[in-house]
Each structure stands twice: as C-alpha cells, then as structure tokens.
Amino acid sequence: MAVLRMLARPLLAAPFVTGGLRTLRRPEAVAELAQPVVRAVGDRIPALAGDPLKLARLSGAVQIGAGLLLATGRAPRLASLALAATLVPTTLSTHAFWEAEDREERARLRGHFLADLSVLGGLLIASADTHGKPSLAYRSRHALDHRHPVRAVRRPVEAAAAGTVARARAVARPLTGGR
C-alpha cells in the first residue's frame, strides 16, 4: 500500500500545483471568474469579502503549498483538506454549467464539474487516510477499554521486586560475612 500512496499522491497533487502556478502568474483571469463566488461568500462571511485578485493569489499559493505537501507525503491529511477547500469555490466559479446557454458549452462545463467532483472525492479519501493505523479518535475511544487495573499491575511488580531484593541479599551475604 505504501507504493500506491507514493504514486497516487503526486498524481492527485499535480493539477493543483500547476493550476496554482498559473493562478499566481495571471490572477486576473481567475479573479474575473471568481467575482460572483467572492461576492456570495463575502455576503455570508464578511471576513472573506475583499479583493478578488488577492483571494485568487491566496488560493493559488495555497494550492501550490498544499499540493507540494501532498505530493511529498508531508502532512497529507491537512494538505488534502486545504486542497479540497480551494477546489470547491474554484469549481463553482469556473464550471457553472447551470448558467450556460449553449448545449455544447453546458455539456463541456458539466463534464469538468463532474471531474472536479471526483477529484474532491479523492481528496476527501486522502484526508481520512491513516496509513492503515488506527486514527487518534479510535485510539482515544478504545484506550479506556484496554486499561489495566492498578492491582493487576501492582502485584507482578511487587513480586518481581521482592525476588530481586532476595537475590541481592543472597549475593551480599558472602561479602558482608553473613550479616
């Protein structure tokens, strides 16, 4: 499974890194398309209302950083979530097939929209991947089930300590003359 992860993560991250670089080079094109989404999000969350150009640059930088983290396997769960968070508004602004008038354009945009949905699904799976180890939530839920009562631990420790003391006394008797 490790080989599969080593291959899949860079493949999943590559479009985000290249798209982020393209956005940083020419943020105007993305900012123009993102204008309706920025306005809608800004109405609901005033802290995110702002210059679409700055938000486009920020999204591009997040895509590059998180894409590189995912590709190299550094904090892959967090990187996947960050990429998923940038993918949703990008998809809504660039592949709004429901607004297209032309049938062919609508079909093309719907195909891109569905492709982005499948990438979003892959990112969500990657964000939950624990490398086959139990998650922190699972371990904390089951920690109490596997605890050892104090008596069960204390008795073997006391027995081992008593045996060690007895052996130490037996070794020390010839050296001290039996005292």
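Further up the page is the structure itself.
Residues numbered from 1 in each chain as written. Predicted model: local features only at pLDDT ≥ 70, side-chain atom pairs only at ≥ 80, totals over all residues. Heavy atoms only, no water.

Participant: Explain the overall build of the protein chain to me, please; I cannot follow it from the model alone.
Facilitator: Within the protein chain, the secondary structure is distributed over seven helices and zero strands. Reading the secondary structure of the protein chain in the N-to-C direction produces α-α-α-α-α-α-α. Intrachain contacts of the protein chain at a sequence separation of at least 6 include 65% that bridge at least 24 residues. Surface summary for the protein chain: the accessible area is close to 12800 Å², and the carbon and sulfur share equals 64%. (Helix = DSSP H or I, 4+ residues; strand = E, 2+ residues; numbered from the N terminus. Contact = heavy atoms within 4.5 Å. Areas by Shrake-Rupley, 256 points an atom, 1.4 Å probe, with all protein chains shown as cover.)

Participant: Explain helix α5 (residues 103-128) to me, please; I cannot follow it from the model alone.
Facilitator: Look at α5: 38 Å from first C-alpha to last across 26 residues, which is about the 38 Å you get at 1.5 Å a residue. Residues of α5 that are buried make contact with α1 (2-25), α3 (52-72) and α4 (76-94). (Expected span 1.5 Å × (residues − 1).)

Participant: Which parts of the structure should I look at to understand the pattern of salt bridges?
Facilitator: It is possible for side chains bearing opposite charge to pair when their charged atoms get close. Counting across every chain of the model gives three salt bridges. Arginine 9 serves as the salt-bridge partner of aspartate 129, at 3.6 Å between the closest nitrogen and oxygen. Within this pair, whereas aspartate 129 is found in the loop between α5 and α6 (136-143), its partner arginine 9 is found in helix α1, the two being separated by 120 residues in sequence. The exposure class of arginine 9 is buried, given its relative accessible area of 13%. Between glutamate 105 and arginine 108 there is a salt bridge; the shortest N-O distance is 2.7 Å. Of the two residues, glutamate 105 and arginine 108 are both situated in helix α5; the distance of three residues between them amounts to about one turn of the helix. The class of glutamate 105 is partly exposed, set by a relative accessible area of 30%. Given a relative accessible area of 42%, arginine 108 falls into the partly exposed group. (Salt bridge = Lys/Arg side-chain N within 4 Å of Asp/Glu carboxyl O. Buried < 20%, exposed > 50% of the residue type's maximum accessible area, 1.4 Å probe, protein only.)

Participant: Help me understand the side chain of aspartate 129 in this model?
Facilitator: A polar atom in the side chain of aspartate 129 sits 3.1 Å from the backbone nitrogen of histidine 131. For aspartate 129, the residues in contact, after removing those within four places along its chain, are Arg5, Arg9 and Arg77. (Polar contact = N/O pair within 3.5 Å; in protein donor to acceptor, adjacent residues only side chain to side chain.)

Participant: What exactly am I supposed to notice about the side chain of threonine 86 here?
Facilitator: Turning to its location among the elements, threonine 86 is positioned in helix α4. Owing to a relative accessible area of 9%, threonine 86 belongs among the buried residues under this scheme. For threonine 86, the contacting residues outside a window of four places in its chain are Ser59, Val62 and Gln63.

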